Protein chains: 2
Amino acid sequence: MKDVAHRAGVGLKTVSRVVNGEPGVLPDTEQRVREAITALGFRRNDSARTLRKGRTATVGLVLEDLADPFYGPLSRAVEEAARGHGALLLAGSSDEDPVREQELTLALCARRVDGLVIVPASDDHRYLEPEIAAGVATVFVDRPAGLLDADTVLTDNLAGAKEATAHLIAHGHRRIGFVGDQPQIHTTTERLRGYREAMAAADLPVRAEWTALGTTDPGRVEHALRAMLAGPDPVTALFTGNNRVTATAARLLAGHPRPTALVGFDDLELGELLDPPLTVVAQDAALLGRTAAELLFNRLAGGAAAPRRVVLPAGLIPRGSGELPPHS
Amino acid sequence: MKDVAHRAGVGLKTVSRVVNGEPGVLPDTEQRVREAITALGFRRNDSARTLRKGRTATVGLVLEDLADPFYGPLSRAVEEAARGHGALLLAGSSDEDPVREQELTLALCARRVDGLVIVPASDDHRYLEPEIAAGVATVFVDRPAGLLDADTVLTDNLAGAKEATAHLIAHGHRRIGFVGDQPQIHTTTERLRGYREAMAAADLPVRAEWTALGTTDPGRVEHALRAMLAGPDPVTALFTGNNRVTATAARLLAGHPRPTALVGFDDLELGELLDPPLTVVAQDAALLGRTAAELLFNRLAGGAAAPRRVVLPAGLIPRGSGELPPHS
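Residues numbered from 1 in each chain as written. Chains lettered and ligands numbered in written order. Predicted model: local features only at pLDDT ≥ 70, side-chain atom pairs only at ≥ 80, totals over all residues. Heavy atoms only, no water.

- Looking at an unreviewed UniProt entry, one finds chain A named LacI family transcriptional regulator and attributed to Streptomyces tardus.

Given below as structure tokens:
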């Protein structure tokens, strides 16, 4: 860097500005610095710098699927917090596969990330014990860790699901179906539990054929929905367990002859423009990410306190689809 | 690792399986290996391994906004391709700010990414010349590089925009508005050009007040739309320049007294359920990402050929909103 400064006839600070892409350098000067950089083959290298501090200024983010719009605002919120601490984001998808989650997480640890934000697919995170013991700050978000005590940020899925179901009951429904994601996922079981508790609180039975859990594959979801909507005693309302399931349900109901009430967990873009507008229990994905990142950087700043669990609220947004009366 | 194998009484291959999260190890054995790992404080470290090969098995992804649903499938496609080559993804948002793009990209280079996939915000990428000369495979996607010859994957924005506009003209519209993203963005200018060329091909004038470019902030877009829909000679149709603009236009038109035709560039989830269903020119974001990653890994595999430019098609999906006749 000294050689570059000497050759370009500028100070070290100016070279640093150009090398880091910071503003405040005149175009002519920047051009001279660039020519010196190219001539000398100089490249900024952060690995020496970060190793000196014992940190890599890298945060690992493990989530279910980078392509799922629910995780976009969450990722961006973690990125912004990391950026505020001069850190970059290594991100990857577990695809709801515990083996892939562990492979990816350990690969991130082997790159010496300073911290991890994990939306877990696995129910056993003891494999992270050596990493946490070595100082990797680890925060679980959206779902808790398995067999490991760690910082966790959750949505109050139970309360949200109870509210959704009670809302449908309050609008006169007695036969309500729940279609959810895979049963090993924490959010699925919590939302199913909320549905069951709300039904029980209203002294309503839950028939076996009114609940269907499985992948969010549209074909599987459509099949489950069609079964609930068929027969002599079809459900008159649906509570759908996440954004992927809700999108498929909205598509199916749009072409269905009988108006069927619908409340979805998670909001969907344009949901308010559907006919009827989509009633949802919404959680704040960006806030989940921001809160997780705060816990992570608190811990990296030396917080050696016991693991914390933060639970964020989910709120009902009534727009029309959840207020349809039962068809007779 | 030998110490761990010795202490656990297993072979090196078994330790490697546990450490990498690979399946095929009996639970008891895995537990013994884990205990040895914890007792010895062993952690897998990939930096030595990657440095030996001269590669870090890391790909940098720079895009506009991790939270924008358009970039979700693109990111996931790059991740999958990287995973196929044993590489991880460092991802970040430029926020459409050239300074932030350069800062982020140079920070990625300083971490010694093997390659970069960039959705550029800047119009001058000469700052990357030393990195490319040092062997960083670099592919630009969605928009071309500025002042730099590099691998590029684009959508045929010009043809897509012409098709969208010609479609509205074919349905009888003469006063058509175009609301787009910021004018320095390549996709904006190409789509504007397509709109102008289609209007000119039909001998239709384009009044100054029928085009509005700027940020995708909903307030700005709504203001621009309201201006075009007001006055004695309002537009009877709108062509919206990307998914963010289209979402705002769909919301506004849903509450507008006069039916106004709408074709959007980029598809939106649930767009087919709007009333009327949304007509769009759709591009394949996952294919953009996959193609960019292919070019990148081809180059890393030793392809020293001249930079390639791949142009992918965009296709009209008529669903209803673009087929509305002009109001009289």
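Past the structure itself, the notes keep going.
Some thoughts on the overall build of chain A
- On a plain count of helices and strands, chain A comes out with 12 helices and 12 strands.
- Since a compact globule built from 328 residues should have a radius of gyration of about 20 Å, the 25 Å found for chain A marks it as more spread out than a globular shape.
- In terms of its C-alpha atoms, chain A occupies a principal-axis envelope of roughly 85 × 45 × 30 Å.
- Here chain A holds 328 residues, and the buried ones make up 58% of them.
- Residue pairs at least 24 apart in sequence account for 66% of intrachain contacts in chain A once pairs closer than 6 positions are excluded.
- Counting only carbon and sulfur atoms, one obtains 53% of the accessible surface of chain A, whose full area is about 13300 Å². (Helix = DSSP H or I, 4+ residues; strand = E, 2+ residues; numbered from the N terminus. Rg over C-alpha atoms; globule rule 2.2 N^0.38 Å. Buried < 20%, exposed > 50% of the residue type's maximum accessible area, 1.4 Å probe, protein only. Contact = heavy atoms within 4.5 Å. Areas by Shrake-Rupley, 256 points an atom, 1.4 Å probe, with all protein chains shown as cover.)

Some words on the domain arrangement of chain A
- Taken domain by domain, chain A consists of domain 1 (2-44), domain 2 (54-155 + 285-312) and domain 3 (157-283 + 316-323).
- The gap between the C-alpha centroids of domain 1 of chain A and domain 2 of chain A is 37 Å. (Domains from an automatic or database assignment.)

A short note on the pattern of salt bridges
- Tallying each qualifying case throughout the model produces 54 salt bridges over all chains.
- With its nearest N and O atoms 3.1 Å apart, the salt bridge here joins Arg-76 of chain A to Asp-95 of chain B. Of this pair, Arg-76 of chain A sits in helix H5 (residues 71-84) while Asp-95 of chain B sits in the loop between strand E2 (88-93) and helix H6 (98-110), which puts the two residues in different chains.
- Exposure remark for Arg-76 of chain A: the relative accessible area of 11% places this residue in the buried category.
- On the basis of relative accessibility, which here comes to 41%, the residue Asp-95 of chain B falls in the partly exposed class.
- The shortest N-O distance in the salt bridge between Glu-64 of chain B and Arg-143 of chain B comes to 3.4 Å. (Salt bridge = Lys/Arg side-chain N within 4 Å of Asp/Glu carboxyl O.)

Overview of the interface of chain A and chain B
- Taken residue by residue, the interface counts 70 residues in chain A and 71 residues in chain B.
- For the pair chain A and chain B, the interface holds 18 salt bridges.
- Of the charged contacts, one joins Arg-100 of chain B and Glu-79 of chain A as a salt bridge, the two residues approaching to 3.4 Å between their closest N and O atoms.
- Seen at the junction of chain A and chain B, the total is 28 residue pairs in polar contact (both at pLDDT 80 or more).
- Secondary structure elements with two or more residues in the side of chain A that touches chain B: helix H2 (12-19), helix H3 (27-40), helix H4 (46-53), H5, strand E2 (88-93), helix H6 (98-110), helix H7 (129-133) and helix H11 (243-254) of chain A.
- Tallying contributions element by element places H6 of chain A first for the side of chain A that touches chain B, with 10 residues. (Polar contact = N/O pair within 3.5 Å; in protein donor to acceptor, adjacent residues only side chain to side chain.)

Topic: the relation of the copies chain A and chain B
- When chain A is fitted to chain B, the best match, at an RMSD of 0.0 Å, comes from turning it 180 degrees and sliding it 0.0 Å along the axis. Those values place the two copies in the arrangement expected of a two-fold rotation axis. Minimal C-alpha distance to the rotation axis in chain A is attained by Leu-90 of chain A, lying at 2.1 Å.
- When the interface residues of chain A are mapped onto chain B, 100% of them are again interface residues, pointing to one common binding face. (Least-squares fit on C-alpha atoms with pLDDT ≥ 70 in both.)

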